[in-house]
Every structure is written in structure tokens, then in C-alpha cells.
Amino acid sequence: MDAQQISAGRQLLENRQKNRNKPCLLILLSVSVGIVIDRFQPVPFQASFTIAGGTLFLWLLSRPLHRGLRSGLLVIAACFVGANWHHQYWNHYPAEETGRRVDEIARPVALRGVVLQQPDEIPAPAPNPLDRSQSGTRFRFLFRIRQIRSGIHWEPASGRTRVTVEASQLELQAGDEIQLWGLISRPGRRRSALDFDPQSYYRSRRLLARVFVDQANGIRKTGQRSGGFWVRRQLDRARTRCRTAIERNVPRRSAPLIRAMMLGDRQQVSDTTRQKFLVTGTMHLLAISGLHVGILSLGFFFLIRIGLLPKKSGLLVTMGFVFFYCLLVGARPPVTRATILVILYCLAKWLDRNPMSVNSLSLAGLTVLVSNPCALFETGVQLSFIA
């Protein structure tokens, strides 16, 4: 047997080994199937939990059995785990969930709770004489409800909601305890099958209601929580510094685009500019995606290659920087996917091993579905992983 035949045989064995070592892909596909089944044909919690637990128990006891049978048990277990997790996320809410008490008709409400993020400023739209519903500058933030007012008493409540405040200025940060007075309602339904569905969008983020406050006086700060919000406040401050640096060093006309392309902050981009990007098919440039993480990591890899950064230290810096950037821009699913891929690639290089791209991509997909199983039905997430 000559050297060429030996090399071909080794290559064949390596390819077979690579095809076998893809457990994350099998689990990801099974979990995705379970999520899809539960969305269109809900599986009762008790049934999915029992089947998933039973098959996992059999899988743990099936080491002496055939490899194909063990893989089949793992597929069934992963499928029903996905169905169970989606069923819990999509359908189960506490009894005191505020969103369960409201409908699509806006009603007055008084709430107490905690601000979960620094408010995002939404500038007033350009004047339009044909639009009578135009408003001024607004602020929008996530809010965790603790109490709701009923008559003269405050009752325990729970749930998260998105608050929109019409004001020229709003000084709040993550962890602030506030009391607000406004109008609460459920998101409206879509008018046709091809329209955007606000209810599904809000529900996929565990938001069953939205609140509108018509003036800054409708919000009163009552305190501040320190535990659990320190990291969020530091990220908000870092994001604010980045915005300030962009506005200071970039021409005023270009600053909104730079903020959108670097921080994912598209609120300042005018409707005219958005329409131009939409018509030219370049709207994706305004959305933070894996492309941004890839460009940042390639910069560090280039510095490592030319010797300006030691290999070990450079890989650590790369992992730390892309992780920080992922948190800075809000850990959107496409960014999370790219961040996990970069970190796994750096770890493989650190250990002098060849990175397994399929397994790494599957692990990133599982991470996204664990954080939000409804992300499977979002077009942006689908295109991100397909690309």
C-alpha cells in the first residue's frame, strides 16, 4: 500500500469522525422541532415533561444499547424539552401578572416598580401636515411592575411592560424605583395576515401590556435599588460615553448613522434616511449583526498575526472585548451568535485544536433558544444562522 492510499484512508477516517462529532447539531434540530410543534399544536406541560424526563432516564441507562437507539432517545428527549420550554415561556404567567387584567382599550393606571434599562430617546418626527397624530420627543424603557393601585390601596402585581413617556427630558437609570400614572393597554392586533403582529412581538418578549405616560410629571422617583443593577448601570454609562464621543467627533449629519452602525441605536436616524437604505437594499447595515463582531475580532486576529499582540494574551483580549461589545449593544441574537462563535474559536486556538464550526454554530443556536425560544420564529435570527 503506497503513501497516497494511506493518506486517503486517513482522510476518510477523519471525515467520518467529524460527521459523528456533531451532537450539538442533533440537539439543536430536535429542540427546534419541539418548539415548532408546540407553537402550532400546543403540547400540555405535564405530557411534555413526563416524556422528556422518561426518555432522558432511558438514555442514561442505555449505554450498552446500539448507538442508533441511544441517539433516537436523545432526539425524542430534546424535542420534548424544547416543546416544554416554549410552552412555559409562551403560555405560563403568574396569577398576578398585570397584562392578564387589561385589554386593547387604554385605561388609567397607577403602578409602582423598578426601571430595568436606561430610557431610549425617540426624537420628534419631521412635521407632516397630513398626520394629525404626530407627537414630540418621547422616551421608552422597560419597567418591572411591583404594585398596582386599586382604589386607595396598593395591591401586589408582577410582570414587565414597555413604558413610553412624552417629554423633552427624562432622567432615569436602571434600578430606579418609580411610581407612574398613565394609560395601560394590550398591544393591538394585526389587521391582516401579512401585517406586523404587535401582540406576538410583545408576547415573544414576555410583555403582555404597554403603558403610555403623556408627561414627565406622571413619573415620580421613590428610590433606587443597588443589588443586581450595578452591571446594567455601568453598561448604560459606557453606552452614553460612546454616544457622546460620536457626537463630539463626528459631523452632526453623520452622527445618527454612526450610532446606528456601531451601537445599534437607530432611534436618531430619520425616516427619510431609513427609506433610502430600505430602497437600496442596505437596511441591514443599520442593524448590529455578526458582521460587526466579525470585523472587530478580525482586527485583533490581524494584530496577533503580525506580532503586535502575543497569541495567548491576544486571544484573551479578543474574547473579553467581543463579550463586552455583545453586552454593550444589548446582546441581540445575531450578536450573541457571533460572539459565541468567536469565543469558541479563540478557545480552540488557545488549546491548539481545530474549531468545529458546525458544533460551535449549533451551540450558539441553543444558547439563543434557551434565552428566548420564540427567537426561532424571528426572520432576523433565521437569516443570521442561515448566513
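Relevant structure appears above.
Just so we're clear, the structure is a prediction, and the values are computed from it rather than from any experiment.

1. A closer look at the overall build of the protein
The helix and strand tally for the protein stands at 13 helices and 8 strands. Relative to its full complement of 387 residues, the protein shows a buried share of 35%. Sequence-distant contacts in the protein: of pairs separated by 6 or more residues, those separated by 24 or more amount to 72%.

2. Side note on the nonpolar core
Counting 22 residues, the largest nonpolar core has Phe141, Leu180 and Ile219 as the members making the most contacts within it. Only strand E1 (107-115), strand E3 (138-150), strand E5 (160-166), strand E6 (176-185) and strand E7 (207-213) provide two or more residues apiece to this core. Not counting the four nearest positions on each side in its chain, Ile219 is found in contact with Phe141, Val165, Leu170, Leu172, Ile178, Gln179, Leu180 and Val213. Counting 13 residues, the second largest nonpolar core, distinct from the first, contains Ile304, Cys326, Val342 and Cys346.

3. Examining the environment of Ser297
Along the chain, the position of Ser297 falls in helix H9 (residues 290-305). Residues Ser297 and Ile343 lie 46 residues apart in sequence; the distance between their C-alpha atoms is 9.8 Å. Here Ser297 is in contact with Thr318, Val322 and Val342, once residues within four sequence places are set aside.

4. Re helix H3 (residues 45-61)
The end-to-end C-alpha distance of H3, which contains 17 residues, comes to 24 Å, matching closely the 24 Å that a straight helix rising 1.5 Å per residue would cover. What H3 keeps buried is the set Ser48, Ala52 and Thr55. The buried residues of H3 all sit within an arc of 75° when viewed along its axis, so they share a single face. Pointing more than 90 degrees away from the buried face of H3 are the exposed residues Gln46, Phe49, Thr50, Phe57, Leu60 and Leu61. Each element contacted by the buried residues of H3 is listed here: helix H4 (67-91).

5. A closer look at the packing of helix H11 (residues 333-350) against helix H12 (residues 357-371)
Geometry of a packed helix pair, given as the angle between the helix axes and the separation of the axes. Two elements in contact, H11 and H12, have axes separated by 9 Å at closest approach and are oriented at 140°. Here H11 is positioned oblique relative to H12, judged by the angle of their axes. H12 is crossed by H11, and the crossing has right-handed handedness. Contacts between H11 and H12 pair Pro333, Thr336, Arg337, Ile340, Leu341 and Leu344 from the former with Ser360, Leu361, Leu363, Ala364, Thr367 and Val368 from the latter. Here the residues of the contact of H11 with H12 are counted per class, giving 8 nonpolar, 3 polar and 1 charged.

Procedures and definitions
Residues numbered from 1 in each chain as written. Predicted model: local features only at pLDDT ≥ 70, side-chain atom pairs only at ≥ 80, totals over all residues. Heavy atoms only, no water. Helix = DSSP H or I, 4+ residues; strand = E, 2+ residues; numbered from the N terminus. Buried < 20%, exposed > 50% of the residue type's maximum accessible area, 1.4 Å probe, protein only. Contact = heavy atoms within 4.5 Å. Core = buried A, V, L, I, M, F, W, Y, C linked by side-chain atoms within 4.5 Å. Expected span 1.5 Å × (residues − 1). Arc of directions from axis to C-beta. Axes fitted to C-alpha atoms, helices over the stretch in contact; angles between N-to-C directions. Parallel < 35°, antiparallel > 145°, perpendicular 65-115°, else oblique. Left-handed = near helix turned anticlockwise from the far one by under 90°. Nonpolar A, V, L, I, M, F, W, Y, C, P; charged D, E, K, R; others polar.

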